[in-house]
Amino acid sequence: MSQCVKAAFEHCVPSRLPRGELWIGTTVFEERQMEDDVDAHLGLCHKMGMDLISLPVGDSQDSPSGYRLFSVADIEKAARSGLFVVAVLSGPLQRLVDKNGLRSTLADIGRDTDGIREALRDEAQELYCLIDICTERGADAVVIADDLAYNRATFFSPTVFRQLIHPFYRELVDRVHRRRAYAVLHSDGNIASIVPDIVSSGFDGLSCQEECVDLISLKRTYGTQLTLLAGLSCELLNAGSLPAKRKQQFVEWIKVLSQGGGIILSSSSGLHSSRMLLNVERLYHLADEALARASNTRPYLATYPVRERGRKEVG
Amino acid sequence: MSSASGLIEQIKQSIVEGDDEAAKAAVEKSLAEGLAPVEILNSGIVPGIETTGQLWAEGQYFMPDVILGAEAFKAATSIIEPRLKAGDAPKVGKVALGVVAGDMHNLGITIVAAMLRGAGFEVEELGIDVPAATFIAKVKNDNVDIVGMGAYMTTTMLVMKEVIEGLKKEKLRDKVKVMVGGVPLTQEYADEIGADAWGKDALDAVVKAKQVKGVS
């Protein structure tokens, strides 16, 4: 297990800013004329200097979102690599959406709360098994990927979230923790209104869209409880070139987010092209340079503003 | 409240509450009572979807409320539309609306279609995963005023540029207005690819559609 990722989850002082992506799309490998398999992912992660490898886990290889799904055997193989291994599982809501469509699922939430609760329970039961299997095979963390929001707000009210989804999240997080792994939630969209509930579910980490959620505010309020998988926006990943002003903004942003650790440099969208890969390498380099320079005057990574007991060196 | 105004209010309220069965029943009862289809449409059905949109814009309604409202609106209009006379409900313009190729998200486009219909546009829904060629053929062969494209992934929004380039290549670009929308989109991206308007959300899409058509 990569110790600097563990340090990020433990809110301890990491040896460097940990980094890694939740999704690397099939097109990235196609562009390199490579098979999209676990060996290719491991090779790319090592080449890019990533500290974690994420494998979306599913029954078939196909996913409609441009990345492939892996088997639990692939988790086992990745666990032998020395990288921190993350199993990405579709959450209970996402599983329903994948089966019935988003529109139909949301309509059902509006008219048949009891039916939806039962359906979510069924999905959660299957997830418990998947969590057990993935962690047995060596996953260090489990990401529950549930898109709960769009760019403006959550799909449903915070009250509905608390009634329908939150109880299952608590159980899923408990299950992950019982297996001595870290639990992370990923959601697209503006989830700001339900972050307190997400925190109360016990998640160790959060991956969300920085275009939709104020990460600085999130860091200030929940920095000691949540490790953020963040820092690389879609705009930065897709940029043809980065003007000096934009680079400076990124550097300042990373300095703030990395204070006190608790961050894994990552995008919320994943990487889907060679351009994104190139930009990620540039951004890693920029972040490392900036933090190295800053640590001469102020120890950014080692400055824990709020949680004293996290002051220990790991890795 | 007269019987007629009570029925009109029932239609509106059933759409606001997202009750499609109640909406259909109220529309049928209104017709049986002799209310003019155009009055039912303009005083009950359209205000119903407008109020739904307004409650959503104010943050009081969430997606399930809006989806059910859109379904009730659709149920009500399906009864009324065949009964409208020519000229009863003049259309503001014709919109061909679809989610670009590779993108299976159907939520946003559903809401936009309902809101545009409520605002008097004729909307042809092309569905999800629509190839660039289909958008272009629609402009070429039908009398479309606006092409509306939705994309909900950073990987699929690139298709929008393909459509616009295709329209230019076919010398159709001046014939049609192009509107884009979806979670990853921005005004900057809309400008970069040469779209005429970016709809931030469904309500904004209605405002922009009216703007590009030159109606208030």
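Thoughts on the overall build of chain A
- Assigned secondary structure in chain A consists of 13 helices and 7 strands.
- What you see for chain A is a C-alpha radius of gyration of 19 Å, in line with the 20 Å of a compact globule of 315 residues.
- When its C-alpha atoms are laid out on the principal axes, chain A stretches across 60 × 45 × 35 Å.
- Within chain A, the fraction of its 315 residues that count as buried is 58%.
- For chain A, restricting intrachain contacts to residue pairs at least 6 apart in sequence, the fraction spanning at least 24 positions comes to 73%.
- Roughly 12700 Å² of accessible area belongs to chain A as shown, and the carbon and sulfur atoms make up 46% of that amount.
- Side chains of chain A carry 36 positive and 41 negative charges; the gap between the two charge centres is 7 Å.

Overview of the packing of aromatic side chains
Residue and element names in this part refer to chain A.
- Here the structure, examined in full by the defined rule, presents 8 aromatic pairs over all chains.
- Centroid distance phenylalanine 9 to tyrosine 182: 4.6 Å. Interplanar angle 10°. Geometry classified as stacked. In this pair, phenylalanine 9 is assigned in helix H1 (residues 3-9) and tyrosine 182 in strand S4 (residues 182-187), connecting sequence segments 173 residues apart.
- Of the residues examined, phenylalanine 9 reaches a relative accessible area of 6% and is grouped as buried.
- Residue classification places tyrosine 182 among the buried positions, given a relative accessible area of 11%.
- Ring centres of tyrosine 150 and phenylalanine 155 lie 6.0 Å apart, and the angle between their planes is 10°; this geometry places the pair in the stacked category.
- You can call phenylalanine 155 buried: its relative accessible area is 5%.
- Members of the aromatic cluster, joined through ring pairs, are Phe9, Phe84 and Tyr182.

Some details on the packing of helix H4 (residues 63-80) of chain B against helix H5 (residues 107-118) of chain B
Residues and elements named next belong to chain B.
- For the pair H4 and H5, the least separation of the axes is 10 Å and the interaxial angle reads 50°. As far as their axial angle goes, H5 and H4 are oblique. Between H4 and H5 lies a crossing whose hand is left-handed. For the pair H4 and H5, contact is made by Met63, Val66, Ile67, Ala70 and Phe73 and by Leu107, Ile111, Ala114, Met115, Arg117 and Gly118, respectively.
- A class-by-class count of the residues in the contact of H4 with H5 yields 9 nonpolar, 1 polar and 1 charged.

Here's the deal with the sheet that holds strand S2 (residues 122-130) of chain B
All names here are of chain B.
- Judged by pairing direction, the sheet is parallel, and its 5 strands sit side by side in the order S2-S1-S3-S4-S5 without closing on themselves. The open sheet has two edge strands, S2 and strand S5 (197-199), and neither has a second partner. Within the sheet, the average angular offset between the axes of one strand and its neighbour, ignoring direction, is 20°.
- With 6 bridges joining them, strand S1 (residues 94-100) and S2 adopt parallel strand pairing. Looking at S2, one finds that glycine 98 is bridged to glycine 127.
- Sheet strands in contact with helix H6 (residues 132-141) are S1, S2 and strand S3 (146-150), and its direction is about 160° off that of S2.

Description of the nonpolar core
- Membership of the largest hydrophobic core comes to 142 residues, with the highest contact counts inside it found for Ile191(A) and Ile45(B).
- Ranked by residues supplied to this core, first place goes to H4(B) with 10 residues.
- Leaving out residues up to four positions away in the same chain, Ile191(A) has contacts with Leu148(A), Ala149(A), Thr154(A), Ile198(A), Leu206(A), Cys208(A) and Val213(A).
- The next biggest cluster of nonpolar side chains, apart from the first, holds 27 residues, and it includes Met149(B), Val176(B), Ala190(B) and Ile193(B).

Conventions used here
Residues numbered from 1 in each chain as written. Chains lettered and ligands numbered in written order. Predicted model: local features only at pLDDT ≥ 70, side-chain atom pairs only at ≥ 80, totals over all residues. Heavy atoms only, no water. Helix = DSSP H or I, 4+ residues; strand = E, 2+ residues; numbered from the N terminus. Rg over C-alpha atoms; globule rule 2.2 N^0.38 Å. Buried < 20%, exposed > 50% of the residue type's maximum accessible area, 1.4 Å probe, protein only. Contact = heavy atoms within 4.5 Å. Areas by Shrake-Rupley, 256 points an atom, 1.4 Å probe, with all protein chains shown as cover. Lys, Arg positive; Asp, Glu negative; His and termini not counted. Charge placed at Lys NZ, Arg CZ, Asp CG, Glu CD. Phe/Tyr/Trp six-rings, centres within 6.5 Å; stacked < 30°, edge-to-face > 60°. Axes fitted to C-alpha atoms, helices over the stretch in contact; angles between N-to-C directions. Parallel < 35°, antiparallel > 145°, perpendicular 65-115°, else oblique. Left-handed = near helix turned anticlockwise from the far one by under 90°. Nonpolar A, V, L, I, M, F, W, Y, C, P; charged D, E, K, R; others polar. Pairing = 2+ DSSP bridges. Core = buried A, V, L, I, M, F, W, Y, C linked by side-chain atoms within 4.5 Å.

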